[in-house]
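What follows is each chain in one-letter form.
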Amino acid sequence: MKSQKKMEDRQKTSSNSRRKFLKDCAIGALAFAISGAKGEEQKRKEPPFRIRTKRLTEKDLEIDPNLAG
Amino acid sequence: MRHQTVQCLLCPKQCKIPEGRSGDCRIRINIGGKLKAVTFGFPVAVHVDPVEKKPFFHYFPGTPILSVATVGCNMHCKNCQNWHISQANPEDEEAFVLPPKALVQAALSRNIPLIAYTYTEPIVYYEYTYETALLGKQEGLRSAIVSAGYANPEPMRALFKVVEAATIDVKCFDEQFYRDICDGGLRPVLNTLVIAKEENVWLEVSNLVIPTLSDDRQKIAMLVRWVKQNLGDETPLHFLRFVPHHKLKNLPPTPVETLEDAWKIAMDAGMKYVYIGNVPGHETENTRCPSCGKVVISRIGYRIREMHLKGNLCEFCNAKIAGVFRGV
C-alpha cells in the first residue's frame with residue numbers, strides 16, 4: 001500500500017516535470033519567434049531614409065584619443 | 001545598366017548596385033537609378049587634432065587640423081580601430097549637418113588652416129571630400145587625406161588636384177594579407193601612391209605592424225624598397241604599433257623591438273625619415289636632419305617640444321629638410 005502511494009507520487013512528479021518541460025519549451029519557442037521578428041525589424045532600412053542629426057558643440061571638436069587618424 | 005542597376009567606378013570593387021541598395025562601402029546608394037553618396041555633408045566625427053596625429057610629421061608640424069569623417073569604408077580590416085564608424089550604416093549613426101560651405105567656415109572661424117578627411121575612408125565619401133577641398137582651396141585652406149588608397153586611378157588623380165597632402169596606409173606588402181585581413185588589394189594602393197607623387201601631393205606612408213600577420217621582416221623590407229624606388233628616400237615612413245581591436249582582439253600589441261627592427265630595416269635601406277608611431281616618448285618620434293644628424297623637430301606623442309628649422313632648412317647645418325613647412 002505504501003509502495004503504491006510512492007509510485008503514484010513519483011508518477012505525479014514525473015508528469016509535473018514533463019508539463020514544466022513542455023511549458024519551458026513553449027516559452028522558449030515563443031521568445032525565439034519574437035526575437036526573430038525583432039531581427040526582421042532591425043534589418044537595414046531601404047532609402048530614402050533619414051540620417052539622424054545632432055548639433056556640433058565645441059566639446060565635440062576636442063581630440064578623441066580613441067580614434068585613429 | 002539595365003533594370004536600374006548602377007555601377008560604382010570609384011574603387012576597384014566596382015560594385016554593381018541594384019536600386020535601393022548600397023555598394024560594399026554602405027554609403028554609395030542607388031536611389032532611383034542614380035548613385036548617391038548619402039553621407040555628403042553629414043560627418044559623424046569632427047575634431048581639431050594636432051596634424052601629427054594623422055600622422056603628418058613633415059606637413060605644417062605643430063599645426064591644428066580640422067579632421068572629419070562620415071561613416072563608411074570600402075575595406076573591412078579585421079584590425080580597424082575605428083570600426084564603429086567605418087563599418088556603420090549611414091542611418092545608424094547620428095551625424096552633424098556640415099555641408100562643404102559650413103565645414104570650411106568652421107575651419108576659418110577658428111583660424112584652423114588645414115582640413116583632414118580621415119578616420120574612415122575619404123575615398124568613399126569622395127564628393128564631400130572633393131567639393132569641400134575645392135571650396136577650401138578657394139578660401140585659402142589646405143586639405144589633406146588619410147586614406148588606405150584603395151581606389152581607381154581616375155578619381156584619385158582628380159582628387160589629388162584639390163588635396164595637397166596625403167598619408168596613405170599601406171597595410172602590408174602582400175596581396176594575400178589585403179585579401180584575408182582587409183577585403184582589399186595591394187596593387188591599387190601602390191597605384192594611388194604613384195599618382196599622388198606624380199601630382200606633387202605631399203606624401204607620408206604609414207604601416208601598421210600587426211604581430212604574426214604583418215610583421216614579417218622580408219615584407220617590411222619589400223615595402224621599404226618599393227617606397228624608396230617609387231616615392232623617394234625623403235618620403236616619411238611611419239611604422240605604427242598595433243593595439244588589439246575589433247576582430248583581432250586575440251593578438252597582443254606589437255612589441256617595441258619589432259617596430260625598432262622595422263625602423264632599422266628602413267634606415268639601413270637609406271630612407272631619411274623613419275618613425276615609430278603609437279609609442280609615446282620613443283626616440284624615433286623626433287625628426288633628425290639627415291645631413292648633420294641633429295634633432296630638428298623634437299616631439300613627445302603628438303606634441304612638438306622644439307623646432308630647429310629656418311623655413312625648410314636645418315637650423316644647425318642649413319641642409320634642406322623635406323616637407324611643407326610654415327614660412328616656406
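The structure reproduced in this document is the subject of the present report. (Residues numbered from 1 in each chain as written. Chains lettered and ligands numbered in written order. Predicted model: local features only at pLDDT ≥ 70, side-chain atom pairs only at ≥ 80, totals over all residues. Heavy atoms only, no water.)

Residue and element names in this part refer to chain B. With respect to topology, three strands assemble into an open sheet ordered β14-β15-β16, the strand pairing being antiparallel. The open sheet terminates on both sides in strands that have one partner only, identified here as β14 (287-288) and β16 (303-307). The pairing of β14 with strand β15 (residues 295-300) spans two bridges and is antiparallel. Looking at β15, one finds that Arg 288 is bridged to Val 295. (Pairing = 2+ DSSP bridges. Helix = DSSP H or I, 4+ residues; strand = E, 2+ residues; numbered from the N terminus.)

All names here are of chain B. Spatially, eight strands are ordered β5-β6-β8-β9-β10-β11-β12-β13 in an open sheet, and the strand pairing comes out mixed. Strand pairing shows two members of the sheet lacking a second neighbour, β5 (45-50) and β13 (274-277), which therefore form its edges. In this sheet, neighbouring strand axes are inclined to one another by 20 degrees on average, regardless of whether the strands run parallel or antiparallel. In this structure, strand β12 (residues 237-241) lies alongside β13, joined through four bridges in parallel fashion. Bridge assignment links Leu 240 to a residue of β13, and that residue is Gly 277. This element, helix α8 (residues 256-268), spans β11 (202-209), β12 and β13 of the sheet and lies at about 170 degrees to β12. (Axes fitted to C-alpha atoms, helices over the stretch in contact; angles between N-to-C directions. Contact = heavy atoms within 4.5 Å.)

Approximately 990 Å³ is the volume found for the largest pocket. What lines the largest pocket is a set of 48 residues, among which Ala68(A), Gly69(A), Gln81(B), Leu240(B) and Asn278(B) lie closest to the centre. Where the lining of the largest pocket is concerned, the elements lending two or more residues are β9 (142-147), β10 (165-169), β11, β12 and β13 of chain B. Looking at the lining of the largest pocket residue by residue, the class counts come to 23 nonpolar, 17 polar and eight charged. (1 Å grid on protein atoms, 1.4 Å probe; cavity = no way out; pocket = protein on both sides within 12 Å on 5 of 7 lines; lining within 4 Å. Points joined across faces, edges and corners; volume = space filled by probe spheres on them. Nonpolar A, V, L, I, M, F, W, Y, C, P; charged D, E, K, R; others polar.)

Attention now goes to the interface of chain B and chain A. Taken together, the 36 residues of chain B in the interface contact 22 residues of chain A. Overall, the association of chain B and chain A removes approximately 2,600 Å² of surface from exposure, summing both partners, and the carbon and sulfur fraction of that is 57%. For the chain B face of the interface with chain A, the top three residues by lost area are Glu91(B), Glu94(B) and Phe96(B), together amounting to 27%. Summed over the shared surface of chain B and chain A, the result is one salt bridge. Glu58(A) is the partner of Arg110(B) in a salt bridge, and the nearest nitrogen-oxygen pair spans 2.5 Å. On the surface where chain B and chain A come into contact, there are 13 residue pairs in polar contact (both at pLDDT 80 or more). If you list the elements that add at least two residues to the side of chain B that touches chain A, you get β3 (28-31), β5, α1 (83-86) and β7 (95-96) of chain B. (Buried area = accessible area lost by both parts, 1.4 Å probe. Salt bridge = Lys/Arg side-chain N within 4 Å of Asp/Glu carboxyl O. Polar contact = N/O pair within 3.5 Å; in protein donor to acceptor, adjacent residues only side chain to side chain.)

Okay, the nonpolar core next. All names here are of chain B. Residues Leu 66, Leu 193 and Phe 239 are the most contacted members of the largest nonpolar core, which totals 95 residues. If near-sequence neighbours (up to four positions away) are discounted, Phe 239 is found in contact with Asn 207, Val 209, Ile 220, Val 224, Leu 259, Ala 262, Trp 263, Ala 266, Val 274, Tyr 275, Ile 276 and Gly 277. In this structure, Tyr 59, Phe 60, Val 296 and Ala 319 belong to the second largest nonpolar core, which totals 23 residues. (Core = buried A, V, L, I, M, F, W, Y, C linked by side-chain atoms within 4.5 Å. Buried < 20%, exposed > 50% of the residue type's maximum accessible area, 1.4 Å probe, protein only.)

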